[in-house]
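Residue-level listing of the chains:
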Amino acid sequence: MTTFIAAFVALLIIVAAMAVGVLFGRPAIKGSCGGLNQVGLSGSCGGACSLQEEEECARRKSQQ
């Protein structure tokens, strides 16, 4: 039972730490358009990019 309580308290501390990050308004984690192309792997622009990032991705694809 002690192990269960310790694990529960640890999870509560982790959730509280994540909540502090949200309260401080830190920007969300996001990927980059064509990020895999920078390391030589074929990536894609799957619609998660801003308009500017999509234009940059299209420009890079046209250069290849």
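Above this text sits the structure in question.
The notes below deal with the structure included here. Being a predicted model, the structure only gives us computed values, none of them experimental. (Residues numbered from 1 in each chain as written. Predicted model: local features only at pLDDT ≥ 70, side-chain atom pairs only at ≥ 80, totals over all residues. Heavy atoms only, no water.)

### Here we look at the overall build of the chain
A count of helices and strands for the chain gives 2 helices and 0 strands. The buried share of the chain, taken over its 64 residues, is 6%. Entry remark: accessible area of the chain is about 5,600 Å², with carbon and sulfur atoms responsible for 67%. (Helix = DSSP H or I, 4+ residues; strand = E, 2+ residues; numbered from the N terminus. Buried < 20%, exposed > 50% of the residue type's maximum accessible area, 1.4 Å probe, protein only. Areas by Shrake-Rupley, 256 points an atom, 1.4 Å probe, with all protein chains shown as cover.)

### Looking at the packing of aromatic side chains
Think of a pair of aromatic rings as described by two things: how far the centres are apart, and how the planes are tilted against each other in angle. Applying the stated criterion to the full structure yields 1 aromatic pair. On the basis of an interplanar angle of 20° and a centroid distance of 6.4 Å, the ring pair of F4 and F8 is categorised as stacked. On the criterion of helical spacing, the pair formed by F4 and F8 is a turn pair, its members being 4 residues apart in helix α1 (residues 2-23). The exposure class of F4 is exposed, given its relative accessible area of 55%. You can call F8 partly exposed: its relative accessible area is 48%. (Phe/Tyr/Trp six-rings, centres within 6.5 Å; stacked < 30°, edge-to-face > 60°.)

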